[in-house]
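# Commentary on secondary and tertiary structure
Each chain, letter by letter, is given below.
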Amino acid sequence: MHQITVLSGGVGGATFLRGLLHGVRHGRVPGVDPDAQVTVVANTADDLWLHGLKICPDLDTVMYTLGDGIDVERGWGRRDETWNAKDELAAYGVEPTWFGLGDRDLATHLVRTQLLDAGYPLSQVTEALCRRWLAPVHGEGLRLLPMTDDRVETHIAISDPDSPSGRRVVHFQEYWVRLHAEVPAEAVVVVGLEDSTPGPGVIDAVTAADLVVIPPSNPVVSVGTILGVPRVREALVATRAPVVGLSPIVGGTHVRGMAHQLLTSIGVEVSAGAVARHYGPRSDGGLLDGWLVDEVDADEVAGVRAAGIACHAVPLLMTSPEATAAMAAAAVSLVS
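Treat the numbers as computed from the prediction; the structure is a model and nothing was measured.

### Things to note about the sheet that holds strand β6 (residues 153-159)
Ordered in space as β7-β6-β8, the three strands form an open sheet in which the pairing is antiparallel. Each end of this open sheet is capped by a strand with a single partner; those strands are β7 (167-171) and β8 (185-191). Across the sheet, the mean angle from the axis of one strand to that of its neighbour is 25°, orientation sign disregarded. With six bridges connecting them, β6 and β8 associate as antiparallel partners. Residue Ile158 lies in a different strand from β8, and its bridge partner there is Ala185.

Dropping the structure here:
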């Protein structure tokens, strides 16, 4: 295999990608060329405009993680960060104060916004930013593509007794960062998704791949939004490459994030097997040829196989790059 395409969200996808690249480059993923081209199609529906700046959390988390600039403990933002600008904005009473932009991170958003204001599309801006972060580490062997150049934003409908309708809609970042996903999600509304077009290179990355991987990213607001971009799902169904996924649900809940809440909001059971059936088998118009579940969910394997998807149980906790590389190797082996 010489070309691998990964559909990625933020922290979970970036962590998986770090292990995948570690395994591939060190020859620890059998059947994959150590010099294989890895293309990442990243979710941009988490994006928001804040203080006049374009913020792309998932793009930046992938870029910083694979460019060795991420704060590993937080899982997002820059390492060795300071927060002077955030504190000054709060002192002026500028809202929102719940979303913090670190001083180092702020430079990325300033550069991105200036380039967008100059008329460059997000895909070209991301390519320019990656010349600093990814090219020095990975050369030409790694590409990061936004799922679309169009403005797409995820909003979450939550209960609000003070509203005449009994509910209100908040931006995904407010739901996750300010509310900590502690309020039940009643619906997921992705504004602009149906009218968007795939970013440059996205469809080719799927159709020309030797392998497509769906990492343990959120099935609703990370992978789900990428799949919602017109033509992307159809490309996955039609690609000659095998498509393999890794469950984001371990032992009946998510490891990190809010997949539990959002799967519930769309009526999908919170289990490793149910997420596989939600994506569906390629043999029946779905997306998956293979699916990995954690060893604690081994009892789900038979049901996934019965649905027409190859399945195996392996350790799925990404505790180190080596452990994650072993997950990637198991995913490749499953569909080879």
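### A closer look at the packing of helix α2 (residues 57-66) against helix α4 (residues 103-117)
At a closest axis distance of 12 Å, the pairing of α2 and α4 adopts a crossing angle of 125°. With respect to α4, the axis of α2 lies oblique. Judged by the sense of rotation from one axis to the other, the crossing of α2 with α4 is right-handed. Within the contact between the two elements, α2 uses Asp60, Met63 and Tyr64 and α4 uses Asp105, Thr108, His109 and Arg112. Per-class residue counts for the contact of α2 with α4 are two nonpolar, two polar and three charged.

### Looking at the pairing of strand β13 (residues 290-293)
Across the two faces of β13 the burial is the same, with Gly290 and Leu292 and Trp291 and Val293 all buried. Bridging between β13 and strand β14 (residues 310-313) involves four bridges; their strand directions are parallel. Of the residues in β14, the one forming a bridge with Gly290 is Ala310. Taking the sense of rotation as the criterion, the β-α-β connection linking β13, helix α13 (residues 301-306) and β14 turns out right-handed.

### Considering the pattern of salt bridges
Close approach of charged atoms lets side chains of opposite charge pair. Within this structure, the stated rule accounts for ten salt bridges. Note that Arg74 and Asp71 form a salt bridge whose closest N and O atoms lie 3.2 Å from each other. Looking at Asp71, the relative accessible area reads 14%, which means it is buried. Taking the shortest distance from any N to any O, the salt bridge between Glu186 and Arg167 comes out at 3.1 Å. Of this pair, Glu186 sits in strand β8 while Arg167 sits in strand β7, placing them 19 residues apart in sequence.

### Quick word on the packing of α4 against helix α5 (residues 122-133)
Running from N to C, α4 and α5 cross one another at 140°; their axes reach a closest spacing of 10 Å. The orientation of α4 relative to α5 falls into the category oblique. Crossing hand, α4 versus α5: right-handed. Contacts from Thr108, Val111, Arg112, Leu115 and Leu116 in α4 reach Leu122, Val125, Ala128 and Leu129 in α5. Residue classes in the contact of α4 with α5 are distributed as seven nonpolar, one polar and one charged.

Parameters and conventions
- Residues numbered from 1 in each chain as written.
- Predicted model: local features only at pLDDT ≥ 70, side-chain atom pairs only at ≥ 80, totals over all residues.
- Heavy atoms only, no water.
- Pairing = 2+ DSSP bridges.
- Helix = DSSP H or I, 4+ residues; strand = E, 2+ residues; numbered from the N terminus.
- Axes fitted to C-alpha atoms, helices over the stretch in contact; angles between N-to-C directions.
- Parallel < 35°, antiparallel > 145°, perpendicular 65-115°, else oblique.
- Left-handed = near helix turned anticlockwise from the far one by under 90°.
- Contact = heavy atoms within 4.5 Å.
- Nonpolar A, V, L, I, M, F, W, Y, C, P; charged D, E, K, R; others polar.
- Buried < 20%, exposed > 50% of the residue type's maximum accessible area, 1.4 Å probe, protein only.
- Right-handed = clockwise from strand over helix to strand, strands pointing away.
- Salt bridge = Lys/Arg side-chain N within 4 Å of Asp/Glu carboxyl O.

Just distances and angles here, no functional claims.
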